[in-house]
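Close look at the chain arrangement
Single-letter residue listing:
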Amino acid sequence: MKLRRSPQTALVMAEFLQDKDEWKYGYQLSRSTGLRSGTLYPILIRLAALGLLETSWEATSEGRPPRHLYKLTQDGYFTHKPFYVKGMDE
Amino acid sequence: MAISRTNPFTSRAWTNDRGSSICESGWRIEIRRFAVRLSAWVVRWSSPGCKDWAQGLSREIEYIEGDWAALVWSIGSTRILLDRRRSLPTVNRDAVAPLWWIFPMIAATQILSSVMDAWKAHSVHDRAAASLIAAGWVCWAALSIDDWFWQRDKPPVSDIQAFRLFVRATLERRLRHYRSERRWLSPLIAVSICAGFVMKFEANVIAAVVIAAGGALVLWMLFLDMPEEIRQRLTHINRLISEDANAVK
């Protein structure tokens, strides 16, 4: 299955490609891309199913439940960077 | 700041010592509460493969500043209920489908009622309709029992390597099924059951059309959707197994 290159997917990928080592929260992605949860999370699920996105749970110290974190995998970053980031030097 | 909880369905509004409306605060509390409850409901009814994602969605609500924004977020999270995925080994929990007993119960009642209908039928037409339905359900039950025997050898999720190898063997078995003559068995079962119901409800054109359309949808899902899903899951599980093997080295 190939990654559907919709405008919404491009927004999400561009957000992740800005910093490949930074873990991001779902609400953080929603605010920066302008996508609602119902649009954003199916994209994230699809990316994870393709092995382009890795997920993790953040351990919080304040007694709050952990949050879900997302980051591109090596495959996701190096394979798809040329398609979503223009003018960025390798 | 003393704020007392108000009934959101009354139109009376008091002000607290800062002058803002207590009724308005009550509404905001109810909105946030509803958003949290809706998200919890989504977590409960999401498929095993999407449970972690649903949890992730619901945890974000705590960090959303606005109550209306939290409500919009939780309403958007219901979209995940449409994504029915089985649990993948990375989630590391048993993929037990809720209400698993429903389909066997439906099959058993359909088989019994169809056999009784065929026994009591007065015409060849009615007997044929009931027999087609009964035959379809009996074949489906036989396939399910065969699958159940295979699943009895499933290792525990705690033994992640063995579990992944078992999942891969299961997926390869299912893909072999689609490449063999047995791939016609499931569509034949669907056609048999649908044809039986169409014959049974022939006086009711709408029911016949709905049943035929439902049967066509099932056939499409069996032939086009499932083999592709199996291939995707095989690719994913092979990648996980090879990552494990590399990690051991």
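Look above for the structure.
Presented here is a report on the structure given in the accompanying data block. Keep in mind the model is a prediction, meaning the values are calculated, not measured. (Residues numbered from 1 in each chain as written. Chains lettered and ligands numbered in written order. Predicted model: local features only at pLDDT ≥ 70, side-chain atom pairs only at ≥ 80, totals over all residues. Heavy atoms only, no water.)

Here we come to the packing of helix α4 (residues 102-120) of chain B against helix α5 (residues 124-151) of chain B. All names here are of chain B. Orientation of α4 relative to α5, taken along the N-to-C sense of each, is 150 degrees, at an axis distance of 8 Å. Compared by their axis directions, α4 and α5 come out roughly antiparallel. Relative to α5, α4 is oriented so that their crossing is left-handed. Of the residues in α5, those touching α4 at Phe103, Ile106, Ala107, Gln110, Ile111, Ser114, Val115, Asp117, Ala118 and Trp119 are Arg127, Ala130, Ser131, Ile133, Ala134, Trp137, Val138, Trp140 and Ala141. For the contact of α4 with α5, the per-class residue count stands at 14 nonpolar, 3 polar and 2 charged. (Axes fitted to C-alpha atoms, helices over the stretch in contact; angles between N-to-C directions. Helix = DSSP H or I, 4+ residues; strand = E, 2+ residues; numbered from the N terminus. Parallel < 35°, antiparallel > 145°, perpendicular 65-115°, else oblique. Left-handed = near helix turned anticlockwise from the far one by under 90°. Contact = heavy atoms within 4.5 Å. Nonpolar A, V, L, I, M, F, W, Y, C, P; charged D, E, K, R; others polar.)

Turning next to the interface of chain B and chain A. Facing the 24 residues of chain B at the interface are 26 residues of chain A. Of the roughly 2,200 Å² buried between chain B and chain A, counting both surfaces, carbon and sulfur atoms make up 61%. Connecting chain B to chain A are 2 salt bridges. The salt bridge partner of B:Glu65 is A:Arg31, with a shortest N-O separation of 3.5 Å. Put simply, chain B and chain A have 5 residue pairs in polar contact (both at pLDDT 80 or more) between them. Contributing elements (two or more residues each) for the side of chain B that touches chain A: α2 (51-60), α3 (67-77) and α8 (205-248) of chain B. If one sorts the elements of the side of chain B that touches chain A by residue count, α2(B) sits on top with 7 residues. Class assignment of the residues belonging to the side of chain B that touches chain A gives a composition of 8 nonpolar, 6 polar and 10 charged. (Buried area = accessible area lost by both parts, 1.4 Å probe. Salt bridge = Lys/Arg side-chain N within 4 Å of Asp/Glu carboxyl O. Polar contact = N/O pair within 3.5 Å; in protein donor to acceptor, adjacent residues only side chain to side chain.)

Residues and elements named next belong to chain B. Tallied over the entire structure, the rule returns 7 salt bridges over all chains. The partner of Arg32 in a salt bridge is Asp67, and the shortest N-O contact between them spans 2.9 Å. Taken together, the residues Arg32 in helix α1 (residues 22-45) and Asp67 in helix α3 connect sequence positions 35 residues apart. Among the salt bridges present, the one from Asp146 reaches Arg173, with a minimum N-O distance of 2.9 Å. Taken together, the residues Asp146 in helix α5 and Arg173 in helix α6 (residues 160-179) connect sequence positions 27 residues apart. Overall, the relative accessible area of 32% leaves Asp146 in the partly exposed class. (Buried < 20%, exposed > 50% of the residue type's maximum accessible area, 1.4 Å probe, protein only.)

Another point: the environment of A:Gln8. All names here are of chain A. Take Gln8: it is sitting in helix α1 (residues 7-17). Considered as a pair, Gln8 and Ile43 are 35 residues apart in the sequence and their alpha carbons are 8.1 Å apart. If near-sequence neighbours (up to four positions away) are discounted, Gln8 is found in contact with Leu35, Thr39 and Ile43.

Moving on, we come to the sheet that holds strand β2 (residues 53-57) of chain A. All names here are of chain A. Read across the open sheet, the 3 strands follow the order β1-β3-β2; overall the sheet is antiparallel. Unpaired on one side and paired on the other, β1 (24-25) and β2 mark the two borders of the sheet. Bridge count between β1 and strand β3 (residues 68-72): 2 bridges; the pairing is antiparallel. In the sheet register, Tyr25 faces β3, and the bridge partner there is Leu69. In the packing of α1 onto the sheet, the strands contacted are β1, β2 and β3, and the crossing angle to β3 comes to about 85 degrees. (Pairing = 2+ DSSP bridges.)

What follows covers the packing of α1(A) against helix α2 (residues 26-33) of chain A. Residues and elements named next belong to chain A. Direction vectors running N to C along α1 and α2 enclose 115 degrees, while the axes themselves pass 10 Å from each other. Classified by the angle between their axes, α1 and α2 sit roughly perpendicular to one another. Considering the relative orientation of α1 and α2, their crossing is right-handed. Counted together, Leu11, Val12, Glu15 and Phe16 of α1 and Leu29, Ser32 and Thr33 of α2 form the full contact between these two elements.

All names here are of chain A. Looking at the element boundaries, Lys71 is found in strand β3. By relative accessible area, Lys71 is classed as buried at 16%. It is 6.5 Å that separates the C-alpha atoms of Lys71 and Thr55, two residues lying 16 residues apart in sequence. Discounting residues that sit within four places of it in the chain, Lys71 has contacts with Phe16, Lys20, Asp21, Glu22, Trp23, Leu52, Leu53 and Glu54.

With that settled, the discussion passes to a nonpolar patch on the surface. A cluster of nonpolar residues, B:Ile145, B:Trp148 and B:Phe149, forms a patch on the protein surface that exposes about 350 Å² of accessible area. The topology assignment puts B:Trp148 in helix α5. (Patch = residues over 30% accessible without salt bridge, like charges linked within 9 Å, V, L, I, M, F, W, Y side chains within 5 Å. Areas by Shrake-Rupley, 256 points an atom, 1.4 Å probe, with all protein chains shown as cover.)

Turning our attention to α5(B). Residues and elements named next belong to chain B. The first and last C-alpha atoms of α5 sit 40 Å apart over 28 residues, in line with the 40 Å expected at 1.5 Å per residue. Considered for burial, the residues of α5 that qualify are Ala129, Ala130, Ile133, Ala134, Gly136, Trp137, Ala141 and Leu143. Check the buried side of α5 and you find it contacts α4 and α7 (185-200). (Expected span 1.5 Å × (residues − 1).)

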